[in-house]
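Secondary and tertiary structure notes
Letter by letter, the chains look like this.
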Amino acid sequence: MTTKRNHLLVFILTFGVFSILNTEMGVIGILPLIAEHYEVSISTAGLIVSLFALAVAISGPILPLLFSGMNRKHVMLFVLGIFIVGSLVSAITSNFTVLVIARVVPAFFHPVYCSLAFTVAAASVPKEEAPKAVAKVFVGVSAGMVLGVPLSSLIATSTSLFYAMLFFAAVTIVAFVATLLFVPSMPVTKRISMGTHLYVLRRSVMWLSIAGVIFMNGAVFGVYSYLAEFLKTVTRYDWNSVSVLLFLYGLANMVGNMIAGKLLANFPLRTIKMYPIALITVYILLFTFGQFSVPTAFLIFIWGIIGGIGGNITQYWVVSAAPEAPELSNGIFLTSSNLGTTLGASVCGLIVTGISTQYIVVGGIVFLIFSIVTNYFRISMSGRFEGSKIGG
């Protein structure tokens, strides 16, 4: 019975993460339509992605700690409720500034839910199985792309932006009800001392992990933020085809998540070393063959698998630097990854407006080169800090 309850708990956490990531990432599929509807440039429309990520980055190390002493079920319901309200306001507003505010306010609470989801999932299984449990929750991240991005695009193009925003709210309502009915009360019995938190933040290996995550995440989401625009203007797909390709990317991302759980449980170091090299190769090929529809579709599928593996790598990279403080390290991970998204989306947005959409992959490659450098120093220090725990 305990195993079944744990499986149900992990499933609900996964769906809750999906509902939040669906709200965050779903707008990527409709950025050009948002720009047209609100009469702003595509780079200005991209603010609803980059500012959301910036809000997560700011709150990541702070709010999870502030809520760490409260009943975890109550906290989850509170955060999901805020996201429901934000999506409803986004659906009815005709003002772009109000739209930005309605997205940014919930974003501050994003790390609270996701940090809890990763922490609770990892704690629900034996220590050696934690990467696999976390990988299952990461499926919720990928599902936000598999369903959120293409479905929001399809709903918006066939009906209106209003119904696309209502879709975000409806999914979050389902997560809220499932949490209310099926998640047990989870009061916190022991809080980690502030001294432990401060000690973690003094570690050089933690700051190198943060830098590596910023660059790795910026490399993926800087390019992905403008994928719909790339497919429309470079590959010249119609909107229905764009929706299919976004779905393909997200599906591949889910495959990558499941592969990552096994890789990080058995060969973490080797996986981390190979990841940026594999993604650089994909970006070079995408730049070269991006105007051809069939090669582009194949490359997006491969990119999705690698991107799914990368999401798990970034979480593992930070948490393995401070396993004794999971709430803090997961909050730092969310801050780092969203700083990467903000920086990546901003840099690639400048490339779109200053050069052309085709060159956004160059921004991704530059981020990956920086990640190789920071990861090299992180790996060299991990031998002294973690010993055999990060071998492979």
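Refer to the structure above for everything that follows.
Presented here is an overview of the structure given in this document. As the structure is a prediction and not an experimental result, all values here were calculated from the model. (Residues numbered from 1 in each chain as written. Predicted model: local features only at pLDDT ≥ 70, side-chain atom pairs only at ≥ 80, totals over all residues. Heavy atoms only, no water.)

**Quick notes on the packing of aromatic side chains**
Threshold: Each aromatic pair joins two rings of Phe, Tyr and Trp (for Trp, the six-membered one) with centres within 6.5 Å, and gets the label stacked for planes under 30 degrees apart, edge-to-face for over 60, and tilted for any other angle. Helix and strand definitions follow DSSP, with helices as H or I runs of at least four residues and strands as E runs of at least two, each counted in order from the N terminus. Here's how the labels work: a residue is buried when its accessible area is under 20% of the maximum for its type, exposed when over 50%, partly exposed in between, all with a 1.4 Å probe on protein chains only. By the criterion adopted, a ring carries a charge over it if an Arg CZ or a Lys NZ lies within 6 Å of its centre and within 35 degrees of its normal.
All chains considered together, the criterion is met by 18 aromatic pairs. Here the aromatic rings of Phe-215 and Phe-370 are separated by 5.2 Å at their centres, their planes lie at 25°, and the arrangement is stacked. Residue Phe-215 is found in helix H12 (residues 204-224), and its partner Phe-370 is found in helix H18 (residues 360-385); the two are separated by 155 residues along the sequence. With centroids separated by 5.0 Å and ring planes inclined at 75°, the aromatic side chains of Tyr-249 and Trp-303 adopt a geometry described as edge-to-face. Pair noted here: Tyr-249 is in helix H14 (residues 239-266) and Trp-303 is in helix H16 (residues 293-319), with a separation of 54 residues, a long-range link. Residue Tyr-249 shares its accessibility class with Trp-303, and that shared class is buried. An aromatic cluster is built from Phe-221, Tyr-224, Tyr-249, Tyr-283 and Trp-303, whose rings are joined through pairwise contacts. Here the guanidinium or amino end of Arg-378 rests over the ring plane of Trp-317, the centre of that ring lying 4.0 Å away.

**Some points on H16**
Stated precisely, the cut-off is as follows: Working rule for helices: expected span equals 1.5 Å times residues minus one.
Relative to the 39 Å expected for 27 residues at 1.5 Å per residue, H16 spans 39 Å between its end C-alpha atoms, a close match to the ideal helical length. Among the 27 residues of H16, 21 are classified as buried, and the element is accordingly described as predominantly covered.

**Considering a nonpolar patch on the surface**
Rule in force here: A patch is a set of surface residues, each over 30% in relative accessible area and not in a salt bridge, joined within 9 Å for like charges and within 5 Å for the nonpolar side chains Val, Leu, Ile, Met, Phe, Trp and Tyr. Methods summary: accessible areas were calculated by the Shrake-Rupley approach with a probe of 1.4 Å, and residue burial reflects only the protein chains presented. Should a side-chain nitrogen of Lys or Arg be within 4 Å of a carboxyl oxygen of Asp or Glu, the pair is scored as a salt bridge.
Side chains of Leu-8, Phe-11, Ile-173, Val-177, Leu-180, Leu-181 and Phe-182 sit close together on the surface and give an oily, nonpolar patch of about 670 Å² of accessible area. Going through the elements one at a time, helix H1 (2-25) and helix H10 (161-182) are the ones with two or more residues in the nonpolar patch. Tallying contributions element by element places H10 first for the nonpolar patch, with 5 residues. Examined against the element boundaries, Leu-181 turns out to sit in helix H10.

**Concerning the packing of H14 against H16**
Stated formally: To obtain an axis, a line is fitted to C-alpha atoms, over the contacting stretch when the element is a helix, and the angle between two such axes runs from 0 to 180 degrees between their N-to-C directions. Angles below 35 degrees are treated as roughly parallel, those above 145 as roughly antiparallel, those between 65 and 115 as roughly perpendicular, and all remaining angles as oblique. Handedness of a crossing is defined here by the sense of rotation of the near helix relative to the far one, left-handed for an anticlockwise turn of less than a right angle and right-handed for a clockwise turn. Working rule for contacts: check all heavy atoms of both residues, and any pair within 4.5 Å makes them a contact. Put simply, Ala, Val, Leu, Ile, Met, Phe, Trp, Tyr, Cys and Pro go in the nonpolar bin, Asp, Glu, Lys and Arg in the charged bin, and everything else, Gly too, in the polar bin.
The N-to-C vectors of H14 and H16 enclose an angle of 40°; their axes lie 6 Å apart at closest approach. What the angle tells us is that H14 and H16 run oblique. Where H14 crosses over H16, the handedness of that crossing is right-handed. Facing Leu-245, Leu-248, Tyr-249, Ala-252, Asn-253, Val-255, Gly-256, Asn-257, Ile-259, Ala-260, Leu-263 and Leu-264 of H14, the residues of H16 in contact are Ala-297, Ile-300, Phe-301, Trp-303, Gly-304, Ile-305, Gly-307, Gly-308, Ile-309, Asn-312, Ile-313 and Tyr-316. Its residues assigned to classes, the contact of H14 with H16 shows 17 nonpolar, 7 polar and no charged.

**Describing the nonpolar core**
Counted only if it meets this: As used in this record, nonpolar core signifies buried Ala, Val, Leu, Ile, Met, Phe, Trp, Tyr and Cys residues forming a set joined through side-chain atoms within 4.5 Å.
Membership of the largest hydrophobic core comes to 129 residues, with the highest contact counts inside it found for Ile-34, Ile-48, Tyr-113, Tyr-224 and Trp-303. For this core, the element with the most residues is H12, which contributes 13 residues. When neighbours within four sequence positions are excluded, Ile-34 is seen to be in contact with Val-27, Glu-39, Ala-45, Ile-48, Phe-96, Leu-99, Leu-161 and Met-165.

**Topic: empty space enclosed by the protein**
Defined as follows: In this analysis a 1.4 Å probe is tested at points of a 1 Å grid over the protein atoms alone, and where it fits but cannot get out there is a cavity; an open set with protein on both sides within 12 Å along at least five of seven lines is a pocket; lining residues have an atom within 4 Å of a point. Grid points are joined across faces, edges and corners, and a volume is the space filled by probe spheres set on the points.
Tallied over the full model, the rule gives 4 cavities of 30 Å³ or more. Estimated volume of the largest cavity: approximately 300 Å³. Looking at the largest cavity, it is lined by 28 residues, and the ones nearest its centre are Phe-138, Val-141, Asn-217, Phe-221 and Ser-337. At the level of elements, H1, helix H8 (110-123), helix H9 (130-158), H12, H14, H16 and helix H17 (326-354) are the ones that each hand at least two residues to the lining of the largest cavity. Residues that form the lining of the largest cavity fall into these classes: 14 nonpolar, 13 polar and 1 charged.

**Notes on the packing of helix H4 (residues 47-59) against helix H7 (residues 96-107)**
Put simply, H4 and H7 touch, their axes get as near as 8 Å, and they point 30° apart. With respect to H7, the element H4 is oriented roughly parallel. For the element pair H4 and H7, the recorded crossing hand is right-handed. Residues Ile-48, Leu-51, Phe-52, Ala-55, Val-56 and Ser-59 of H4 lie in contact with H7, whose contacting residues are Phe-96, Leu-99, Val-100, Arg-103, Val-104 and Ala-107. Grouping the constituent residues of the contact of H4 with H7 by class yields 10 nonpolar, 1 polar and 1 charged.

**Quick look at the environment of Val-234**
As for its placement among the helices and strands, Val-234 is situated in the loop between helix H13 (227-233) and H14. By relative accessible area, which is 15% here, Val-234 ends up buried. Separated by 116 residues in the primary sequence, Val-234 and Phe-118 have C-alpha atoms spaced 37 Å apart. Beyond its immediate chain neighbours, meaning those up to four positions away, Val-234 contacts Glu-229, Gly-290, Gln-291, Thr-357 and Gln-358.

**A look at unusual backbone geometry**
In this structure, Glu-39 is a non-glycine residue whose phi angle is positive, near 55°. On the accessibility criterion, Glu-39 (74% relative accessible area) is exposed. Unusually for a residue other than glycine, Arg-236 sits at a positive phi of about 65°. Mapped onto the fold, Arg-236 is located in the loop between H13 and H14. According to the relative accessible area criterion, Arg-236 is exposed, its value standing at 69%.

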